[in-house]
Amino acid sequence: MTDEGGPDMVSFREAARRVVAEEIAPSMTHQRVSQLCRDDPDFPPVVTVGRTRVLDWKLARPYFQARAAAAAQRDSRRRMPPPAAE
């Protein structure tokens, strides 16, 4: 991913998918993203487009990385599994 260009706006569902796909955390749901948005004052800015709330992945990715790192320190179940041996 490059930081060039404009924002990379994603829905909460896509943000949850990317958290798992980019191996930031072993699991994430769009409901959890919505809960974080509602409860965490440090959550990245959100824009409403129609009935969908979206956020800039370039700002959200470091947020989720920091949360996942803190959660992994508290609970081993939240750690990403080691890569499979070939």
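Residues take numbers from 1 onward in each chain, read along the sequence in its written order. A pLDDT threshold of at least 70 governs which residues receive local features in this predicted model, and a stricter bar of 80 or more applies before side-chain atom pairs are shown or counted, although totals over entire chains, interfaces and linings include all residues. The basis for every side-chain value is the complete set of heavy atoms in the structure, and neither hydrogens nor water enter the calculation.

A. Structural context of the pairing of strand β2 (residues 46-49). Being paired, for any two strands, means DSSP has found at least two bridges between them. Under the DSSP-based scheme used, a helix requires at least four consecutive residues in state H or I and a strand at least two consecutive residues in state E, with every element numbered from the N terminus. Examined bridge by bridge, β2 and strand β3 (residues 52-56) share four bridges and lie antiparallel to one another. Across the sheet, the residue bridging to V47 is V54, located in β3. The loop that links β2 with its antiparallel partner β3 comprises two residues; one of these, G50, has a positive phi angle of about 65°.

B. How the structure looks around the pattern of salt bridges. When a carboxyl oxygen of Asp or Glu lies within 4 Å of a side-chain nitrogen of Lys or Arg, that pair is called a salt bridge. Counted under the stated rule, the structure contains six salt bridges. Ionic pairing is found between D39 and R38, a salt bridge with its closest N-O pair at 3.2 Å. One salt bridge in this structure joins R67 and D40, with 3.5 Å as the shortest N-O distance. You can see R67 sitting in helix α3 (residues 57-74) and its partner D40 sitting in the loop between α2 (30-39) and β2, a full 27 residues away along the chain. One salt-bridge network, held together by shared partners, links D8, E14, R17 and R18.

C. Broad picture of the sheet that holds strand β1 (residues 9-11). Strands sit in the order β1-β3-β2 across an open sheet of three strands; the sheet is antiparallel. Two strands close off the open sheet at either side, each with one partner strand: β1 and β2. Here the average twist between neighbouring strands, direction ignored, is 40°. Of the strand pairs in this sheet, β1 and β3 are connected by three bridges, and their pairing is antiparallel. Under this scheme, a helix contributes an axis fitted over its contacting stretch, all axes are lines through C-alpha atoms, and angles between N-to-C directions fall in the 0 to 180 degree range.

D. Local environment of the packing of α2 against α3. Viewed as axis vectors pointing N to C, α2 and α3 meet at an angle of 95°, and their least axial separation amounts to 13 Å. With respect to α3, the element α2 is oriented roughly perpendicular. Within the contact between the two elements, α2 uses R32, V33 and L36 and α3 uses Y63, F64 and R67. An angle below 35 degrees is treated as roughly parallel, one above 145 as roughly antiparallel, one from 65 to 115 as roughly perpendicular, and anything else as oblique. By the convention used here, residues are in contact when the closest approach between their heavy atoms is within 4.5 Å.

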